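Given next are the chains, with one letter for each unit.
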Amino acid sequence: GAYHAGVELNGVEWSFGGADSDQTGVFASVPRHAEGATYRETLDMGTSPRSARDVDRILAFVRDKYRANTYSL
């Protein structure tokens, strides 16, 4: 089967998904409540040494780079 995966950063779950659009495929949701996904398990990956400001900059880059129409299982 196919599974949804997300990474929680600063209380927000970030994921990548596809669509027939040139807009970003990176989306945010409430942790463990992404639309269309069924929560199964949380894996603790530890904490990030990055500041909230650094995380915002990284996410801006990722949102710009990963377009919905490039998503492929």
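Residues numbered from 1 in each chain as written. Predicted model: local features only at pLDDT ≥ 70, side-chain atom pairs only at ≥ 80, totals over all residues. Heavy atoms only, no water.

1. Thoughts on the pattern of salt bridges
Evaluation of the coordinates by the stated rule reveals two salt bridges. A salt bridge links Arg57 to Asp54; its shortest N-O distance comes to 3.8 Å. Here the residue Arg57 and the residue Asp54 both occupy positions in helix α1 (residues 52-65), the gap between them amounting to three residues, near one helical turn. Residue Arg57 is classed as partly exposed on the basis of its relative accessible area, which comes to 49%. For Asp54, a relative accessible area of 25% gives the class partly exposed. (Salt bridge = Lys/Arg side-chain N within 4 Å of Asp/Glu carboxyl O. Helix = DSSP H or I, 4+ residues; strand = E, 2+ residues; numbered from the N terminus. Buried < 20%, exposed > 50% of the residue type's maximum accessible area, 1.4 Å probe, protein only.)

2. Structural notes on the packing of aromatic side chains
For the coordinates displayed, the defined rule picks out two aromatic pairs. Geometrically, the ring pair formed by Phe16 and Tyr66 is edge-to-face, given 5.6 Å between the ring centres and 70° between the ring planes. Of this pair, Phe16 sits in strand β2 (residues 12-16) while Tyr66 sits in the segment after α1, and the two are 50 residues apart along the sequence. According to the relative accessible area criterion, Phe16 is partly exposed, its value standing at 30%. Residue Tyr66 is classed as partly exposed on the basis of its relative accessible area, which comes to 37%. Here Phe16 and Tyr71 contribute two aromatic rings whose centre-to-centre distance is 5.2 Å and whose plane-to-plane angle is 70°, an arrangement assigned as edge-to-face. Here Phe16, found in strand β2, pairs with Tyr71, found in the segment after α1; they are 55 residues apart in sequence, far enough to count as distant. The exposure class assigned to Tyr71 is partly exposed, which follows from its relative accessible area of 34%. Connected via pairs of aromatic rings, a cluster forms that spans Phe16, Tyr66 and Tyr71. The ring of Tyr39 has Arg32 lying over it, and the distance from NZ or CZ to the ring centre is 5.9 Å. (Phe/Tyr/Trp six-rings, centres within 6.5 Å; stacked < 30°, edge-to-face > 60°. Lys NZ or Arg CZ within 6 Å of the ring centre and 35° of its normal.)

3. Examining the side chain of Glu13
Relative to the assigned elements, Glu13 resides in strand β2. Within the buried set, Glu13 has no salt-bridge partner at all; the shortest N-O distance to an opposite charge, 6.6 Å, is to Arg32. At 2.7 Å, the side chain of Glu13 forms a polar contact with the backbone nitrogen of Arg32. When residues no more than four places from it in sequence are discounted, the contact partners of Glu13 are His4, Gly6, Val7, Glu8, Phe27, Ala28, Ser29, Val30, Pro31, Arg32, His33 and Ala34. (Lys, Arg positive; Asp, Glu negative; His and termini not counted. Polar contact = N/O pair within 3.5 Å; in protein donor to acceptor, adjacent residues only side chain to side chain. Contact = heavy atoms within 4.5 Å.)

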